[in-house]
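# Notes for the structure review
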Amino acid sequence: MNQCGMKATEEILRVWRRFDDFPMETLTKAWLHANGEKFGPRSVERMREDRGKYGTSGNCFDLALWLLDELRNEGIACYPVGEHLGTDDAHAAVIALGHEGERYLCDLGDQWIQPVLVEPDREGYTEAPLSGFFPGARIAVSSDGQAANIRYMRPGGKESRASFDLEPTSEAEFKEAAAYSQGLLSRPLVEKRIRLCTGTDGRTVHWEYENGQARVSSDRGLFRESEPNGEETWAGRISRRSGIDESVVRIALDVYAEEGMA
């Protein structure tokens, strides 16, 4: 299947690639809480400062707000979208517009490899399964122009789905949902897409830490990662995988443990 028609424009991809090494994580808000800061969204400038000093990034709302800022700074039209906003199950993403107003779904929170076209009347649009867009799974888009449904097809026949309203979410509503999400300490979670290079066969896998366990999802299946042994700790392992400063990880894990969520 020729998937080039589903890829974003080079201008959008150029901005997207700035986030290639960014994890999605819920550790930063716990760390900030431990430092006596009130729960609430950080400014993009503050996010940049924290990343430069400590290697942090943020949750899906942080990443969406940061991506919006980067795209707009490059003159690329874009707007926020989400599902279940204002609830514990909320998820945030971004729609970026191409040269002719075609829309691309940009989902850093779920660690997509690259954005995907969600404009059904465009040449190159297909609802056939595609590889190279999501780590460890093929995806299939089904869009009617108002909403996009995504199928994630993993090895062994396992599937999951997500849906996005393609109409713009108001900036005020989005920031309110971001503030609500930032105030939740539900569980320690870190996700990171990792590029594996073995000869000419480069693959991207999805690494995830959640509640004292880590696993790797790839096109060869889902594998649980061994627990730390010897002098290694979970804080050290997470720091090595994600690039977040180990002291930040350790403090955040302690906060979650105190809340009974580690």
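This write-up is about the structure you can find in this document. In this text the structure is predicted, and so the values were computed from the model without any measurement.

### With respect to the environment of Tyr54
Of note, Tyr54 is situated in helix α3 (residues 44-54). Spatially, the C-alpha atoms of Tyr54 and Asn35 are 14 Å apart, while their sequence positions differ by 19 residues.

### Considerations on the sheet that holds strand β8 (residues 147-153)
Pairing is antiparallel across the open sheet formed by 4 strands, whose spatial order is β6-β7-β8-β9. Each edge of the open sheet carries a strand with a single partner, namely β6 (130-134) and β9 (159-165). If you compare each strand with its neighbour and ignore which way they point, the axes differ by 40° on average. Relative to strand β7 (residues 137-143), β6 is paired through 2 bridges, and the arrangement is antiparallel. Residue pairing for β7: Phe134 is matched across the bridge by Ala137.

### A word on the environment of Val81
Take Val81: it is sitting in strand β2 (residues 78-83). Each C-alpha atom, one on Val81 and one on Leu166, is 6.7 Å from the other, the two residues being 85 residues apart in sequence. Among all residues touching Val81, those that are not within four sequence positions of it are His91, Ala92, Ala93, Val94, Ile95, Leu105, Phe164, Asp165, Leu166, Glu167, Thr169 and Phe174.

### Remarks on the sheet that holds strand β3 (residues 91-97)
Read from one edge of the open sheet, 4 strands run β2-β3-β4-β5, paired in antiparallel fashion. Edge strands, defined here as strands with exactly one partner in the open sheet, are β2 and β5 (116-117). The sheet contact formed by β3 and strand β4 (residues 103-106) spans 4 bridges and is antiparallel. Within β4, the residue paired with Val94 across the bridge is Cys106. On the sheet, helix α4 (residues 60-73) packs against β2, β3 and β4 and is oriented at approximately 15° with respect to β3.

### Some words on the nonpolar core
Grouped together as the largest cluster of nonpolar side chains are 55 residues, with contacts concentrated most on Leu67, Leu105, Trp112, Val116 and Ile139. The dominant element in this core, judged by the number of residues it contributes, is α4, at 9 residues. When neighbours within four sequence positions are excluded, Val116 is seen to be in contact with Met6, Arg103, Tyr104, Leu105, Phe133, Ile139 and Val141. Of all hydrophobic cores here, the second largest spans 21 residues; its members include Leu27, Leu32, Trp207 and Val255.

### Side note on the side chain of Gln111
Examined against the element boundaries, Gln111 turns out to sit in the loop between β4 and β5. Residue Gln111 is classed as buried on the basis of its relative accessible area, which comes to 1%. Side-chain polar atoms of Gln111 contact the backbone nitrogen of Arg193, separated by 2.9 Å. Those residues in contact with Gln111 that sit more than four places away from it in its chain are Phe22, Pro23, Met24, Pro135, Glu191, Lys192, Arg193 and His206.

### Description of the packing of aromatic side chains
In this description, a pair of aromatic rings is defined by centroid distance and the angle of the planes. Counted by the stated rule, this structure contains 9 aromatic pairs. An aromatic cluster is present here, built from Phe19, Phe22 and Trp66 joined pairwise through their rings. Across from the ring centre of Phe22, 3.8 Å away, lies the NZ or CZ of Arg51, which sits over that ring.

### What about the pattern of salt bridges?
Scanning the model with the defined rule gives 24 salt bridges in all. Its salt-bridge partner being Glu37, residue Arg46 comes within 2.9 Å of it at the nearest N-O pair. Exposure remark for Arg46: the relative accessible area of 25% places this residue in the partly exposed category. The partly exposed category is assigned to Glu37, whose relative accessible area is 30%. Each member of the salt-bridge network shares a partner with another, and the members are Arg18, Glu45, Arg48, Asp69, Glu70 and Glu74.

Parameters and conventions
- Residues numbered from 1 in each chain as written.
- Predicted model: local features only at pLDDT ≥ 70, side-chain atom pairs only at ≥ 80, totals over all residues.
- Heavy atoms only, no water.
- Helix = DSSP H or I, 4+ residues; strand = E, 2+ residues; numbered from the N terminus.
- Pairing = 2+ DSSP bridges.
- Axes fitted to C-alpha atoms, helices over the stretch in contact; angles between N-to-C directions.
- Contact = heavy atoms within 4.5 Å.
- Core = buried A, V, L, I, M, F, W, Y, C linked by side-chain atoms within 4.5 Å.
- Buried < 20%, exposed > 50% of the residue type's maximum accessible area, 1.4 Å probe, protein only.
- Polar contact = N/O pair within 3.5 Å; in protein donor to acceptor, adjacent residues only side chain to side chain.
- Phe/Tyr/Trp six-rings, centres within 6.5 Å; stacked < 30°, edge-to-face > 60°.
- Lys NZ or Arg CZ within 6 Å of the ring centre and 35° of its normal.
- Salt bridge = Lys/Arg side-chain N within 4 Å of Asp/Glu carboxyl O.

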